[in-house]
Amino acid sequence: MGVVSNDGRFRFEVRSCWFALTAVAAGLASPASAALFSISPIAFDFGDISLGASSAQQVVTVTNVSGSPQTLNLAGGGAGVFGGVQNCQGQTLAPGASCQIFYAFTPTALGAAAEGTTLSVNGQSASFNFEGNAIDAFRISPIGFDFGSVAVGSTSSQQVVTVTNVSGSPQTLNLAGGGAGVFGGVQNCQGQTLAPGASCQITYAFVPTATGTVTGSTNLSVNGQNASFTFSGNGGTSSQPFLISPVAFDFGDVSVGASSAEQIVTITNVSGSPQTLNLAGGGAGVFGGVQNCQGQTLAPGASCQVFYRFTPTVYGETTGSTSLSVNGQNVSFSFKGSGIDPFLISPIGFDFGEIELGSTSLQQIVDILNVSGSPQTLSLAGGGAGVFGGVQNCQGNTLAPGAACQVFYAFTPNALGPVTGNTTLLVNGQNASFSFMGIGVSPNGTVPEPGTLALLGLGLAGLAAARRRKQ
């Protein structure tokens, strides 16, 4: 403030101004409403889950970061097909202690699903985001059959559709449809409970009632999953020496970088004399094609095989076709399959809460899980996240099916106030995007309110000018 001295000159009292400015700044820089809890992670990707199955659980951890015990009262947090159960309600957490909320994806419809929810813990809110993709629970194949020439009134050899449970949980089967007239249709599936990886069968046979070419088709529903079959045959005698079947294959969902189980074409000598085989064609790109037939001599009724396997190189549905010539007898095959992610990379969103400047938070962890059916050697790119760090134990690792490695993030704030960040990680070309948030606080747990530092800066500038005037 300004005063008049004994000699009548005006003097500026710096100390009084400093005290006044400090009081103003103190009024503007109030302590932040310190969070009582760290609630993280906050975003999850459950990847591809078979319809009718449930994913592995993913976990939100609620940690008491206050200096006193907290008795918990939770509200909200349910997330539809992503569930939500917890062991927190009514618990009293000591400082540093934690409890958990568990989410799992149980899809009810095919395709992508996304949902969000808000949870309140003693009035402190947290928002969670979930995503996942529902895929078929069963592999149903083959889907196309050629029964060749069969005498009118007689019955062909049986050909078999295999229904395999490719979900991660037991499935009790309910079948509808599937009858196919002169191609018959019997099965041992109805009411069976198939363990993961187990199969049952539907058997078709051709019983021609007239001479000439006969075709047919049918639709089958297995627990609501649809499959369409096509059939062909010839009533009466034929000059064709071989029965070559099945002719259409569906490999279902296969992880990019992995290979499906083999599916088999059988070539049977239906002539009355030995046949020495000469094969041409039959290659099918990503559907492969190897055989044990070339140069073989098949006795009447004997068989050899052509093996196809799907090894997807891109995501999404892939179709293909090929023609095979066996001693000049031609047959056409069709294939389809879908490439899906080989890895489950989750969680994908993190909230580190309030961390003091100069300190580093506890680590939060991303798991990279090999959900394909074959070992995967990892090549990672990206994933750095500035003040949120990023180290990993994955690069060059070979993960067996079901094995995992980790990426670790920790928050080291370099400024007061809220900080957000994001990054993209590539794992063998598969993308994952992560988001981060945290708050830098001073050692006494305060964060300047918006505008405080600017006002304080103006005040200090005025003080410096006053000092210059005094001098």
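I will try to describe carefully the structure that is included in this document.

Reading the values: rules and limits
- Starting afresh in each chain, residues are numbered from 1 along the sequence in its written order.
- Only residues with pLDDT of at least 70 get local features here, since the model is predicted, and only at 80 or more are side-chain atom pairs given and counted; chain-wide, interface and lining totals rely on the full set of residues.
- Heavy atoms from the whole structure form the basis of all side-chain values; hydrogens and water molecules are not counted.
- Per the convention used, a helix needs a DSSP run of H or I reaching at least four residues, while a strand needs a run of E reaching at least two, with both numbered from the N terminus.
- Each accessible area value is a Shrake-Rupley result obtained with a 1.4 Å probe; residue values ignore everything except the protein chains displayed when judging cover.
- Accessible area is worked out with a 1.4 Å probe on protein chains only. A residue is then buried under 20% of its type maximum, exposed over 50%, and partly exposed in between.
- We call two residues in contact when some of their heavy atoms are within 4.5 Å.
- By definition, a salt bridge exists where a carboxyl oxygen of Asp or Glu is found within 4 Å of a side-chain nitrogen of Lys or Arg.

Remarks on the overall build of the chain
Argument step 1. Looking only at helices and strands, the chain features two helices and 42 strands.
Argument step 2. Summed over all atoms, the accessible surface of the chain reaches about 22,000 Å², with 53% contributed by carbon and sulfur.

So, unusual backbone geometry
Argument step 1. Here the bond from Ser141 into Pro142 is cis, since omega is 0 degrees, no more than 30 degrees from zero.
Argument step 2. For Pro142, the position within the fold is in the loop between β13 (138–141) and β14 (144–150).
Argument step 3. At the junction of Ser346 and Pro347, the peptide bond is cis and its omega measures out at -5 degrees in the coordinates.
Argument step 4. Even without being a glycine, Asn122 presents a positive backbone phi close to 50 degrees.
Argument step 5. Within the secondary structure, Asn122 sits in the loop between β11 (111–121) and β12 (124–135).
Argument step 6. The exposure class of Asn122 is partly exposed, given its relative accessible area of 30%.
Argument step 7. Backbone geometry places Asn428, a non-glycine residue, at a positive phi of 50 degrees.
Argument step 8. Here Asn428 shows up in the loop between β41 (417–427) and β42 (430–441).

Points about the side chain of Ser221
Argument step 1. Inspection of the secondary structure assignment puts Ser221 in strand β21 (residues 212–222).
Argument step 2. Residue class for Ser221 comes out buried when judged on its relative accessible area of 18%.
Argument step 3. Apart from residues no more than four positions distant in its own chain, Ser221 is found in contact with Asn174, Leu175, Ala176 and Asn226.

Describing the pattern of salt bridges
Should the charged atoms of two oppositely charged side chains come close, the side chains can pair.
Argument step 1. The tally for this structure, following the rule as stated, stands at two salt bridges.
Argument step 2. The shortest N-O distance in the salt bridge between Asp250 and Lys336 comes to 4.0 Å. With Asp250 in strand β24 (residues 248–255) and Lys336 in strand β32 (residues 329–340), the pair connects residues that are 86 residues apart, well separated along the chain.
Argument step 3. Taking the shortest distance from any N to any O, the salt bridge between Arg309 and Glu262 comes out at 3.2 Å. On the criterion of sequence distance, the pair formed by Arg309 in the loop between β30 (303–308) and β31 (316–326) and Glu262 in the loop between β24 and β25 (263–269) is long-range, its members being 47 residues apart.
Argument step 4. Given a relative accessible area of 39%, Glu262 falls into the partly exposed group.

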